[in-house]
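# Examination of the molecular architecture
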Amino acid sequence: MSNEQAQAELVGYCLKCKEKRVILNPVPEWAANGSPATRGTCPVCGTAIYLRGRTPAHDALPRPERAPAPAKAKSGGKKADKKPAKKTAAKTSKKAGAAAKSAVSTKGVERGGKLVVVESPAKAKTIGRYLGRGYVVKPSLGHVRDLLKSRLSVDVDNNFAPEYRVPNEKRALVKELKEAAARASEVYLATDPDREGEAIAWHVMEAAEMDPARTQRVVFHEITQPAIRAAFDQPRAIDMDRVEAQQARRVLDRLVGYQLSPLLWRKVRGRLSAGRVQSVAVRLVVEREREIEAFDSREYWTIDAELSQIKFRAGARDNGRRRPFFLARLHRLNGAEPELGNEEAVRPHLAALETADWQVGEVNLGKRVRRPLAPFITSTLQQDASRRLGLGTTRTMRIAQELYEGVNVGEGGVGLITYMRTDSVTVAGEAQEAARRFIGQTFGAEYVPEKPPVYKTRSKTAQEAHEAIRPTAVERTPASLKAHLSKEQFRLYKLIWERFVASQMAPAVYDTVSADIWAGPAATPAAQRPYLFRATGSTLIFPGFLAVYGADDPDEENGEAADAPQVPSDLQTGEAVDLLRVLPEQHFTQPPPRYSEASLVKTLEENGIGRPSTYASIISTIQQRGYVEQEQKRLRPTEIGSIVNDMLVQYFPDVLSVDFTARLEDELDEIAEGKPWVPVLGDFYKKFAKDLDVADAALPKLDLKREPEFVGRDCPLSGHPLVYREGRFGRFVGCSGYPQCRYTEQILVKVGVICPHCGGDLIEKRTKRGKVFYGCANYPACDWTNWKRPLPQPCPVCAGVLVQDNKEMARCTRCEHTVPLAELPPVVELETALD
């Protein structure tokens, strides 16, 4: 086969066309660093195309030997290199796509050092320490260019071509990166390993006009020395499929957001916004609220029985202690499931059970295995951090970012966890082996499973080659790092470490028992009696992974309370048992609970809406926009959120459809595998544009005005009556003379506690971003504040103000004494609005 035939179907990326093209006249070559490459031209525009990688044509091409650099180039060469490098950079800025041509024009120019670009200064500092001399690591501070904010910035008539621009605040940074790249012999783009990171790398290369021949991409999932070294040993080209997947998502979100939002301004009110994913999240919250409002609660009763074996009669009588007992629940009544709808239906059965004879029927003994959960992915980390630590999604990801990018633990900056935006539960083989060694040394060989556990990734769109969230070194126990971490960092690291270690441990094993107990007249054979009770229980005989994680969690598979009395394993069929008490209990069916941040993330993930990199921003955005607010850490829609949702659902059913959004997310993911992105956007936009025209013509201007609700006092500035108003962060008090008078004040809610500084009332307040905190009503004369809710009970040690530190503990603001909430005396808490 000739070289021309071998190279005929090579495809490279044209910087000018911004598309993949078949390379015209491909010529194999060896780069200056010894790596194989192919150079050719674009068949459409004639721009040079440079493709890295070995091809069959390289087999016949002798590899040149690399000459050692002159010794004095290290010390004296840099100054001499500076001027020619600047000239090359100036050439590359003349027009888009000139970066490829500069690769030819700068042949023979001596450069020094290697430039590495990452996103953040913290990451740059950690990586720089591992790479050492010869490398310059600079941060891009996130995206260096984006779509213009002032207009749509997408040419819908030209294949949805995006118009990118370097914002003013990033121009000096881009110039600095451009100059550094011109001076460097090699450039490495080491941004995050997901699609967003791939896109940032491409934008950096484009904006700083980096020479593609000297620019390579490196990817790592943890910031440790071995991972960094391995990544730099295997550089690659930028994956344009992944870049286009991110670009398609960005363009699609811009098309929806920048065309729906103006519609809301015209038809509802200003400063509203809509988004492709955020609006679906709001719909979920609105529909859950309406489910709750429409729920018809139904009364029902259960009957439990406290039972004890006859063998305990004498012992209890002799020592005066309560007899050992176990609980059984009414399972069948006359062979059917019991239907006890009210107290009248229950009362006759209580009398019959009090006089009944009780006898054990079938007894089943067995074993049950409880397996550990998979290591964390983004969504499960957010859910567990919310449930166990009380952290919101945004806060969780911020702390995780700090742990990933590097924390000084006494040996310089060290990345403590792997990349935290992932939907894969895969674990590297080396990490599994390290965990198994650690478990065996710490807990014993019986805690190490025979084979390393394999967990199946639930998401069918999990990004390739990603890992689960885990500690980078299992030997770094939470206790060994506690002195070097902040309180929040320590708590989150401990959660991640424990979940990962537990995921690699042996299952827990239980002995189980299930017993049927028949009740009825003594003369009736047991199996023919009208009442069948059932008692089930389990006893932990080997803790396995529970030695590390989850011991206090409810056993969802078994469904029994952790503190329930144990069912005796020595019960025998036909054995008589004594009834100690009949326990009837009234219940009411409950509506589904409001979403918390964590449960909304779980629902989004289960429906395939959003991706690991977007969950936190979705939750944050719908609250910042004023569509959803938190009430006791649960999400409820605001009035304006419900109005906007109803309007969008009526006129844009596809955009607001959970199923449609999930299918569209799948199509966007397929772009990362090579599917063309323009047809995907074209199919969506064709219908969306029609719906937009219909809605604009049909929707009337909504009148949200209503009769003013007066507070009952006058404005201290103008004398006009004060009224209640609706704002971005809920209700507030304002002057009825607005806009001539702009006086406002918060609606202050007393919490029933006296200020320890001045004796005023402590009240609930909100920051400008809507976050709740607590302060004194006499502000600014008194500046007492606290993020934690004050409690009406005084500190038992110093009588200071207690605040609720977490779900279980209270802490004194004066002496720092902590006390369990369960031990505080009950107090009726009254909340009243200040007039």
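In this report, the structure presented in the accompanying data block is examined. Fair warning: this is a prediction, and the values are worked out from it, not measured in the lab.

### Some thoughts on unusual backbone geometry
Here the bond from Y738 into P739 is cis, since omega is 10°, no more than 30 degrees from zero. Unusually for a residue other than glycine, N334 sits at a positive phi of about 55°. Topologically, N334 is positioned in the loop between β15 (326-333) and α11 (343-354). Overall, N334 belongs to the exposed group, its relative accessible area being 62%.

### A few points about the packing of helix α9 (residues 278-294) against helix α19 (residues 639-651)
The geometry of α9 relative to α19 is characterised by a closest axis approach of 10 Å and an angle of 110° between their N-to-C directions. Compared by their axis directions, α9 and α19 come out roughly perpendicular. For the pair α9 and α19, the crossing hand works out as left-handed. Counting all contacts with α9, which are made through S279, V282, R283, V286 and R290, the residues of α19 involved are G641, S642, N645, D646, L648 and V649. Grouping the amino acids of the contact of α9 with α19 by side-chain chemistry returns four nonpolar, four polar and three charged.

### Section: the sheet that holds strand β6 (residues 114-118)
Read from one edge to the other, the open sheet built from four strands follows the order β7-β6-β12-β13, with strand pairing classed as parallel. The open sheet terminates on both sides in strands that have one partner only, identified here as β7 (135-139) and β13 (215-217). Averaged over all pairs of adjacent strands, the angle between their axes in this sheet comes to 25°, without regard to strand direction. Pairing of strand β12 (residues 186-189) with β13, which is carried by three bridges, proceeds in the parallel orientation. Across the sheet, V187 pairs through a bridge with T215, a residue of β13. Where helix α4 (residues 121-131) meets the sheet, its contacts fall on β6 and β7, and the angle it forms with β7 comes to roughly 170°.

### What to know about the sheet that holds strand β4 (residues 36-41)
Taken in spatial order, the three strands of this open sheet run β3-β4-β5, and their pairing is antiparallel. Both edges of this open sheet fall to β3 (24-30) and β5 (48-52), since each of them pairs with a single strand only. Taking the axes of each pair of neighbouring strands and ignoring which way they run, one obtains an average angle of 25° across the sheet. Strand direction decides the pairing type here: β3 and β4, joined by five bridges, are antiparallel. Considered in β4, the bridge of P28 is made with T38.

### Quick look at the nonpolar core
With 82 residues, the main nonpolar core has M210, L260 and F652 as its most contacted residues. A per-element tally of this core places helix α8 (residues 240-267) first, with 11 residues. In contact with L260, not counting residues within four places along its chain, are A274, L648, F652, V655, F688 and L692.

### Digging into the pattern of salt bridges
Per the stated rule, a full pass over the model turns up 57 salt bridges. Among the salt bridges present, the one from R470 reaches E222, with a minimum N-O distance of 2.6 Å. With R470 in the loop between α14 (429-442) and α15 (478-481) and E222 in the loop between β13 and α7 (225-233), this residue pair connects regions lying 248 residues apart in the sequence. The pair formed by R470 and E222 is uniform in burial state, with each residue classed as buried. D384 serves as the salt-bridge partner of R499, at 3.7 Å between the closest nitrogen and oxygen.

### Some words on the pairing of β4
In terms of burial, β4 is a largely internal element, five of the six residues being buried. Across five bridges, the pairing between β4 and β5 is antiparallel. Each bridged residue has a counterpart across the sheet, and for A37 the counterpart in β5 is R52. Turn length for the β4-β5 hairpin, with the two strands adjacent in sequence and antiparallel, is six residues, and the turn residue G46 shows positive phi of about 85°.

### Regarding the packing of aromatic side chains
Following the criterion strictly, the structure yields 14 aromatic pairs and no others. Consider the rings of F652 and F688, whose centres lie 5.8 Å apart with planes at 40°: the pair is tilted. Of this pair, F652 sits in the loop between α19 and α20 (658-671) while F688 sits in helix α21 (residues 678-698); the two residues are 36 residues apart in sequence, bridging distant segments of the chain. Judged on exposure class, the residue F652 and its partner F688 are both buried. For F688, a relative accessible area of 2% puts it in the buried group.

Definitions and cut-offs
- Residues numbered from 1 in each chain as written.
- Predicted model: local features only at pLDDT ≥ 70, side-chain atom pairs only at ≥ 80, totals over all residues.
- Heavy atoms only, no water.
- Helix = DSSP H or I, 4+ residues; strand = E, 2+ residues; numbered from the N terminus.
- Buried < 20%, exposed > 50% of the residue type's maximum accessible area, 1.4 Å probe, protein only.
- Axes fitted to C-alpha atoms, helices over the stretch in contact; angles between N-to-C directions.
- Parallel < 35°, antiparallel > 145°, perpendicular 65-115°, else oblique.
- Left-handed = near helix turned anticlockwise from the far one by under 90°.
- Contact = heavy atoms within 4.5 Å.
- Nonpolar A, V, L, I, M, F, W, Y, C, P; charged D, E, K, R; others polar.
- Pairing = 2+ DSSP bridges.
- Core = buried A, V, L, I, M, F, W, Y, C linked by side-chain atoms within 4.5 Å.
- Salt bridge = Lys/Arg side-chain N within 4 Å of Asp/Glu carboxyl O.
- Phe/Tyr/Trp six-rings, centres within 6.5 Å; stacked < 30°, edge-to-face > 60°.

Coordinates in, geometry out; function isn't part of it.
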